[in-house]
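# Analysis of the macromolecular model
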Amino acid sequence: MTDSSLARQVNDVARLTGTFTLRSGRTATEYFDKYQFESDPVLLDALAEQMAALIPEGTEVLAGLEMGGIAVVTAVGRHAKLPCAFVRKEAKKYGTARLAEGAEVAGRRVLVVEDVVTSGGQVVISTGELRRLGAHVDHALCVIDRQEGGAEALSEAGIQLRALLTRADLDAYKG
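Overview of the structure. In this text the structure is predicted, and so the values were computed from the model without any measurement.

## Quick look at the pairing of strand β2 (residues 27–32)
When strand β1 (residues 15–21) meets β2, the two strands line up antiparallel, connected through five bridges. Opposite T17, over in β2, you have E30 as the bridge partner. Between the end of β1 and the start of β2, which pair antiparallel, lie five residues, with G25 showing a positive phi angle near 95°.

Structure representation (structure tokens):
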């Protein structure tokens, strides 16, 4: 499967039109419904295989952000043969009461994995939390960069964004 066929498939299954409120609070007329590609095992596996090639050298742990990043990080981890951590938006109050479940992040080079990046807000917040736990984080990887300021916001926080697909890639197949 080629990158262009992946872009076409993601565009076809995940691009919705209408009025949508984004996590940032902004309103958009288009929305990339990540659950449409995350719930398709064949498409998710193809995306993960391509994303594994984008992992920076020296990465020791992949950290998927709740909730959509969890499916993506698990699939990417399978291809990269790297352990995964699952990062909550906030630590739960029961059980282990941990923010990051799974692989240990303290003292390790961690790559944050997200599904769609728009403003980059949640990646910046979660990266800050991971750094407070002792993780070394300087990169993030996503399936789709909406190209709406997220990469710039991440750069300001010392995080380089790598994206498998960009909005421009998907716009080539916009109907």
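## Some details on the environment of G77
Along the chain, G77 turns up in helix α4 (residues 68–80). Overall, the relative accessible area of 6% leaves G77 in the buried class. C-alpha of G77 to C-alpha of A52: the two residues are 25 residues apart in sequence and 7.7 Å apart in space.

## Overview of the nonpolar core
Counting 29 residues, the largest nonpolar core has V10, F37, L47, M51, L62 and I144 as its most contacted members. Broken down by secondary-structure element, the contributors of at least two residues to this core are α1 (3–14), α3 (41–52), α4, β6 (109–117), β7 (136–145) and β8 (160–166). Here this core takes seven residues from α3, the largest share from any one element. When near neighbours in sequence (up to four residues on either side) are disregarded, V10 contacts R15, F37, L43, L47, I144, L165 and L170. If you look at the next biggest cluster of nonpolar residues, it comprises 21 residues, including A100, A103, V112 and L161.

The rules behind the values
Residues numbered from 1 in each chain as written. Predicted model: local features only at pLDDT ≥ 70, side-chain atom pairs only at ≥ 80, totals over all residues. Heavy atoms only, no water. Pairing = 2+ DSSP bridges. Helix = DSSP H or I, 4+ residues; strand = E, 2+ residues; numbered from the N terminus. Buried < 20%, exposed > 50% of the residue type's maximum accessible area, 1.4 Å probe, protein only. Core = buried A, V, L, I, M, F, W, Y, C linked by side-chain atoms within 4.5 Å. Contact = heavy atoms within 4.5 Å.

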